[in-house]
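Here are the chains, one letter per residue:
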Amino acid sequence: MTDRATEILAGSKTIAVVGLSRDPAKASHGVAAVLQAHGFRIIPVHPSAHELLGEKVYRSLTDIPEPVDLVDVFRPAEDTPPIAEQAVAIGAKALWLQQGIVSAESRRIAEEGGLAYVEDRCTAVVRAVANLSVR
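Residues numbered from 1 in each chain as written. Predicted model: local features only at pLDDT ≥ 70, side-chain atom pairs only at ≥ 80, totals over all residues. Heavy atoms only, no water.

Identification of the protein as Succinate--CoA ligase from Amycolatopsis lurida NRRL 2430 is taken from an unreviewed UniProt entry.

Next comes the structure, spelled out in structure tokens:
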């Protein structure tokens, strides 16, 4: 039996990663690299980088010129409500706050905006447990 997080990730091909770090030792970089290696399209969102993981970087979700299935967030909980608002504004299908990140306000914004919502889970772990790949 699959859980909701697995269903959300399995239904996603294009993932905007908010807070993707330049530092390969950081979790956000490693998780995004693993997802990319398994066929997910990664779109980095970072305030000052120009290219990460071989992909063009965007300053905000609203700058991304293509549809996004999942917004994967690596930012402190207090920073996530505006990200949730942007995810709703761009018509993303889901908002995912990474392991250790919980926000009742972001959940409310996402769910009221019609987005599926996951918090305090790691996309790379869910991917590995379910053995998900995009081909």
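Draft legend 1. Region of the structure containing the packing of helix H3 (residues 80–89) against helix H4 (residues 104–112). Between H3 and H4, the least distance of the axes is 8 Å, while the angle of their chain directions is 10 degrees. As judged from the angle between their axes, H3 and H4 are roughly parallel. The segment H3 lies against H4, with Thr80, Pro81, Ala84, Glu85 and Val88 engaging Glu105, Ser106, Ile109 and Ala110. For the contact of H3 with H4, the class distribution of residues is five nonpolar, two polar and two charged. (Axes fitted to C-alpha atoms, helices over the stretch in contact; angles between N-to-C directions. Helix = DSSP H or I, 4+ residues; strand = E, 2+ residues; numbered from the N terminus. Parallel < 35°, antiparallel > 145°, perpendicular 65-115°, else oblique. Contact = heavy atoms within 4.5 Å. Nonpolar A, V, L, I, M, F, W, Y, C, P; charged D, E, K, R; others polar.)

Draft legend 2. View of the environment of Glu112. With respect to the element layout, Glu112 can be found in helix H4. Judged by its relative accessible area of 61%, Glu112 is exposed. Sequence-wise, Glu112 and Val88 are 24 residues apart; in three dimensions their C-alpha atoms are separated by 9.0 Å. (Buried < 20%, exposed > 50% of the residue type's maximum accessible area, 1.4 Å probe, protein only.)

Draft legend 3. Spotlight on helix H2 (residues 27–37). Considered for burial, the residues of H2 that qualify are Ser28, His29, Val31, Ala32 and Leu35. Following H2 by one or two positions, Gly39 adopts a phi angle in the positive range, close to 95 degrees.

Draft legend 4. Seen up close, the nonpolar core. Core analysis: the largest hydrophobic core is formed by 25 residues, its most contacted members being Leu9, Ile15, Ile42 and Trp96. At the level of elements, helix H1 (4–10), strand E1 (14–18), H2, strand E6 (94–97), strand E7 (116–118) and helix H5 (123–130) are the ones that each hand at least two residues to this core. When near neighbours in sequence (up to four residues on either side) are disregarded, Leu9 contacts Ile15, Phe40, Leu70, Trp96, Thr123, Val126, Arg127 and Leu132. In terms of nonpolar packing, the next biggest core, distinct from the first, is built from 21 residues, Val18, Val45, Val68 and Val71 among them. (Core = buried A, V, L, I, M, F, W, Y, C linked by side-chain atoms within 4.5 Å.)

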